[in-house]
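As a plain string of letters, each chain reads:
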Amino acid sequence: MDLMGMMGKLRETQQKIEDTKKRLDSVLIDEQSSDGTLKVTLTANRTIKSIAIDDALLEDKEQLEDYLILVLNKAIEKATKVNEAELDAVAKMDMPMIPGMDNLFK
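Predicted, not measured: the structure shown is a model, and the values here were computed from it. (Residues numbered from 1 in each chain as written. Predicted model: local features only at pLDDT ≥ 70, side-chain atom pairs only at ≥ 80, totals over all residues. Heavy atoms only, no water.)

## Digging into the nonpolar core
Nonpolar side chains in soluble globular proteins tend to end up buried together.
Working step 1: L38, V40, L42, L57, L64, Y67, V71, L72 and A75 together form the largest nonpolar core, which totals nine residues.
Working step 2: The set of elements that each furnish at least two residues to this core consists of β2 (38-43) and α2 (61-94).
Working step 3: The biggest single contributor to this core is α2, with five residues. (Core = buried A, V, L, I, M, F, W, Y, C linked by side-chain atoms within 4.5 Å. Buried < 20%, exposed > 50% of the residue type's maximum accessible area, 1.4 Å probe, protein only. Helix = DSSP H or I, 4+ residues; strand = E, 2+ residues; numbered from the N terminus.)

So, in structure tokens, the structure goes:
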């Protein structure tokens, strides 16, 4: 592939990555505490969309804080895995093979 062809392919790949990022704004990740009293929803781009707290949990500030940390961290971890998998797939599928960089996306 010539240099102009590679540059075109790189621009095309970059556009596909941007399109994928936009699409990931509509992919929702739900997570909840083990007892279901706290529920959060994030996008795959790790933007918090909603938090639902059961009234009973409002009476125990310490438990609420603990649940927020645990549930948000689990949701962020899931969202990050989805995000990375989607973006890696686009990059691997469309990236032109540049000599010396063939191990970059493995």
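## Describing the UniProt feature "coiled-coil region" (unreviewed entry) in the chain
Working step 1: Following the UniProt record, one finds the feature "coiled-coil region" (unreviewed entry) at residues 3-30.
Working step 2: Helix makes up 79% of residues 3-30 and strand makes up 11%, while its end C-alpha atoms are separated by 44 Å. (UniProt positions renumbered as here; feature names shortened; annotations may be inferred.)

## Considering the environment of N45
Working step 1: Note that N45 resides in the loop between β2 and β3 (48-53).
Working step 2: Sequence spacing of N45 and K22 is 23 residues, and the spatial spacing of their C-alpha atoms is 8.7 Å.
Working step 3: Engagement of the side chain of N45 in a polar contact is seen with the side chain of D25, the distance being 2.8 Å. (Polar contact = N/O pair within 3.5 Å; in protein donor to acceptor, adjacent residues only side chain to side chain.)

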